[in-house]
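# Report on the structure
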Amino acid sequence: DCVRSVAFSPDRLTLASGSDDNTIKLWNTANDGQPKTLKGHSDCVRSVAFSPDGLTLASGSNDYTIKLWNTANGEQLKTLEGDSDFASSVAFSPDGHTLASGWDDNTIKLWDMANDGQPKTLKGHSDCVTSVAFSPDGLTPASGSDDNTIKLWDTATGRQWPTLKGHLRTVNSMAFSPNRLTLASGSDDYTINLWNIANGGQLKTLKGHSDCVRSVAFSPDGLT
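Small disclaimer: the values here were computed from a predicted structure and weren't measured.

### Focus on the overall build of the protein
- When its secondary structure is counted, the protein shows zero helices and 20 strands.
- Its C-alpha atoms give the protein a radius of gyration of 17 Å, within 12% of the compact-globule value 17 Å for 224 residues.
- When the backbone C-alpha atoms are referred to their principal axes, the protein occupies close to 45 × 40 × 30 Å.
- Per-residue burial for the protein yields a buried fraction of 50% across its 224 residues.
- Accessible surface computed for the protein: about 10900 Å², of which carbon and sulfur atoms make up 48%.

Take a look at the structure:
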């Protein structure tokens, strides 16, 4: 069925893909062999993300859960449960200590990977949170939403920075530049916006697509 999300491991030797067939597949990029299939979700897998050390994969699903997997053997390590809605997006902080998740109940949850306590819940969006991303320094998670906005948060306090407004429809994907100064966002309004993180200003709108922009990414040098 449809592939919703893909992510490379830090060493680039494994590609993970999440699908509407409720599974995750781990592909060995060095050969054309059969992938390892991870089964455990009971509904479509909407987002996958590797931890910075590559040892753990997180998957968010419409079954109201996030699952953590051992990438070496495919074993399911832990299930993180939301309140009562879909887990639309997952992202690890650069140090691997925190997992951010976006939910269809309009919230973002920050999970401490070192313990099994309750997550910190961030509220502010007025519609489903469709995308989450961490800044390179790990201090600022960003969230994109069906309310057409992007919000930036302080991980220490949960305080919300000024809201980024400019898209006319859902924000599907976001990516920070390596130097943290710019945020790119892709939207159902067919555009990509580039934002100045220092002041929240909109730097540029890139147009050219004739349909929704589902994913954005920066090159390692941040120039493209």
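Past the structure itself, the notes keep going.
### Quick look at the packing of aromatic side chains
- All chains considered together, the criterion is met by one aromatic pair.
- Judged by centre distance (5.8 Å) and plane angle (35 degrees), the rings of Tyr64 and Phe86 are tilted. Placement of the pair is Tyr64 in the loop between strand 6 (56–61) and strand 7 (65–70) and Phe86 in the loop between strand 8 (76–81) and strand 9 (87–92), with a sequence separation of 22 residues.
- Given the relative accessible area of 38%, Tyr64 is considered partly exposed.
- A cation sits over an aromatic face here: Arg159 above Trp161, 4.0 Å from the ring centre.

### Considering the sheet that holds strand 20 (residues 201–206)
- Spatially, four strands are ordered 17-18-19-20 in an open sheet, and the strand pairing comes out antiparallel. Sheet topology places strand 17 (171–176) and strand 20 at the edges, where each strand pairs with a single neighbour. Direction aside, the axes of adjacent strands within the sheet are offset by 25 degrees on average.
- Direction of pairing for strand 19 (residues 192–196) relative to strand 20: antiparallel, over a ladder of five bridges. Within strand 20, the position partnered with Asn193 by the bridge is Thr205.

### As for the environment of Leu206
- Relative to the helices and strands, Leu206 resides in strand 20.
- In this structure Leu206 comes out as partly exposed when scored by relative accessible area, which is 35%.
- With residues up to four places along the chain from it excluded, the contact list for Leu206 reads Thr191, Ile192 and Leu194.

### Concerning the pattern of salt bridges
- Using the criterion set out here, one finds five salt bridges in the structure.
- Notably, a salt bridge pairs Lys78 with Asp116, separated by 2.7 Å at the nearest N-O pair. Within this pair, whereas Lys78 is found in strand 8, its partner Asp116 is found in the loop between strand 11 (107–112) and strand 12 (120–123), the two being separated by 38 residues in sequence.
- Its relative accessible area of 66% is what places Asp116 among the exposed residues.
- As a salt-bridge pair, Arg214 and Asp188 come within 3.7 Å of each other at their nearest N and O atoms. Placement of the pair is Arg214 in the segment after strand 20 and Asp188 in the loop between strand 18 (182–187) and strand 19, with a sequence separation of 26 residues.

Rules of the game
Residues numbered from 1 in each chain as written. Predicted model: local features only at pLDDT ≥ 70, side-chain atom pairs only at ≥ 80, totals over all residues. Heavy atoms only, no water. Helix = DSSP H or I, 4+ residues; strand = E, 2+ residues; numbered from the N terminus. Rg over C-alpha atoms; globule rule 2.2 N^0.38 Å. Buried < 20%, exposed > 50% of the residue type's maximum accessible area, 1.4 Å probe, protein only. Areas by Shrake-Rupley, 256 points an atom, 1.4 Å probe, with all protein chains shown as cover. Phe/Tyr/Trp six-rings, centres within 6.5 Å; stacked < 30°, edge-to-face > 60°. Lys NZ or Arg CZ within 6 Å of the ring centre and 35° of its normal. Pairing = 2+ DSSP bridges. Axes fitted to C-alpha atoms, helices over the stretch in contact; angles between N-to-C directions. Contact = heavy atoms within 4.5 Å. Salt bridge = Lys/Arg side-chain N within 4 Å of Asp/Glu carboxyl O.

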